[in-house]
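As a plain string of letters, each chain reads:
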Amino acid sequence: MSFGGEEGSFPDEQKSIAREVATQLAIAVNQARLYARLKRQAEELELRVRERTAELEAANKELDAFSYSVSHDLRSPLRAVDGYARMLEEDYGKTLDAEGIRLLGVVRANSQRMGQLIDELLAFSRL
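Residues numbered from 1 in each chain as written. Predicted model: local features only at pLDDT ≥ 70, side-chain atom pairs only at ≥ 80, totals over all residues. Heavy atoms only, no water.

Colleague: For the pattern of salt bridges, give the residues involved together with the corresponding values.
Modeller: Within this structure, the stated rule accounts for 7 salt bridges. We note a salt bridge from Glu 89 to Arg 108, for which the minimum N-O separation is 3.2 Å. On the criterion of sequence distance, the pair formed by Glu 89 in helix H1 (residues 12-92) and Arg 108 in helix H2 (residues 98-126) is long-range, its members being 19 residues apart. For Arg 108, a relative accessible area of 18% puts it in the buried group. (Salt bridge = Lys/Arg side-chain N within 4 Å of Asp/Glu carboxyl O. Helix = DSSP H or I, 4+ residues; strand = E, 2+ residues; numbered from the N terminus. Buried < 20%, exposed > 50% of the residue type's maximum accessible area, 1.4 Å probe, protein only.)

Colleague: Go over a nonpolar patch on the surface, please, and point to the residues and values.
Modeller: A contiguous nonpolar surface patch, about 480 Å² in accessible area, is contributed by Phe 66, Leu 121, Phe 124 and Leu 127. Considering the arrangement of structural elements, one finds Leu 127 in the segment after H2. (Patch = residues over 30% accessible without salt bridge, like charges linked within 9 Å, V, L, I, M, F, W, Y side chains within 5 Å. Areas by Shrake-Rupley, 256 points an atom, 1.4 Å probe, with all protein chains shown as cover.)

Colleague: Which residues make up the side chain of Ser 67, and what values go with them?
Modeller: Its place among the elements puts Ser 67 in helix H1. Each residue touching Ser 67, except ones within four places of it in the same chain, is listed here: Leu 122 and Ser 125. (Contact = heavy atoms within 4.5 Å.)

Colleague: Requested: an account of H2, with residues and values cited.
Modeller: Taking 1.5 Å per residue, 29 residues should reach 42 Å; H2 reaches 42 Å between its end C-alpha atoms and fits that length. The complete set of buried residues in H2 reads Gly 100, Leu 104, Arg 108, Ser 111, Gly 115, Ile 118, Leu 122 and Ser 125. Tucked into the core, H2 has its buried residues touching H1. (Expected span 1.5 Å × (residues − 1).)

Colleague: An account of the environment of Asn 60 is requested, with residue identities and associated values reported.
Modeller: If you trace the backbone, Asn 60 turns up in helix H1. Judged by its relative accessible area of 40%, Asn 60 is partly exposed. Here the alpha-carbon distance between Asn 60 and Arg 126, two residues 66 residues apart in the chain, equals 9.2 Å.

Colleague: Could you give an account of the environment of Thr 23, with specific residues and numbers?
Modeller: With respect to the element layout, Thr 23 can be found in helix H1. You can call Thr 23 partly exposed: its relative accessible area is 40%. For the pair Thr 23 and Lys 39, spaced 16 residues apart in sequence, the C-alpha to C-alpha distance is 24 Å.

What follows is the structure, given as structure tokens:
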């Protein structure tokens, strides 16, 4: 062992101090390596979070498109069915027998129920 001075034997106290310093240096080097490794892992995790966030945003955009499609594409024919049933009821209700009036009521009630189902589907898709 050399301390940069004259050669010779060193007292046990100096050797003990040198060993302690070497141990502390080894611990510091190990901690520096662990810190670097932790930093790399944190950066990788951040990257994965950004990727997952982008995927989630894309899925939300698809869900918005689905919601628009459901709202627009399903409601349009439903409004037409209900509108024509209402016109029949208003214009020809007096000339229809009880069964015809009942059937128009069934058509209108079911079109309203379908509208409720569309609303519930849209609310569910927002969850």
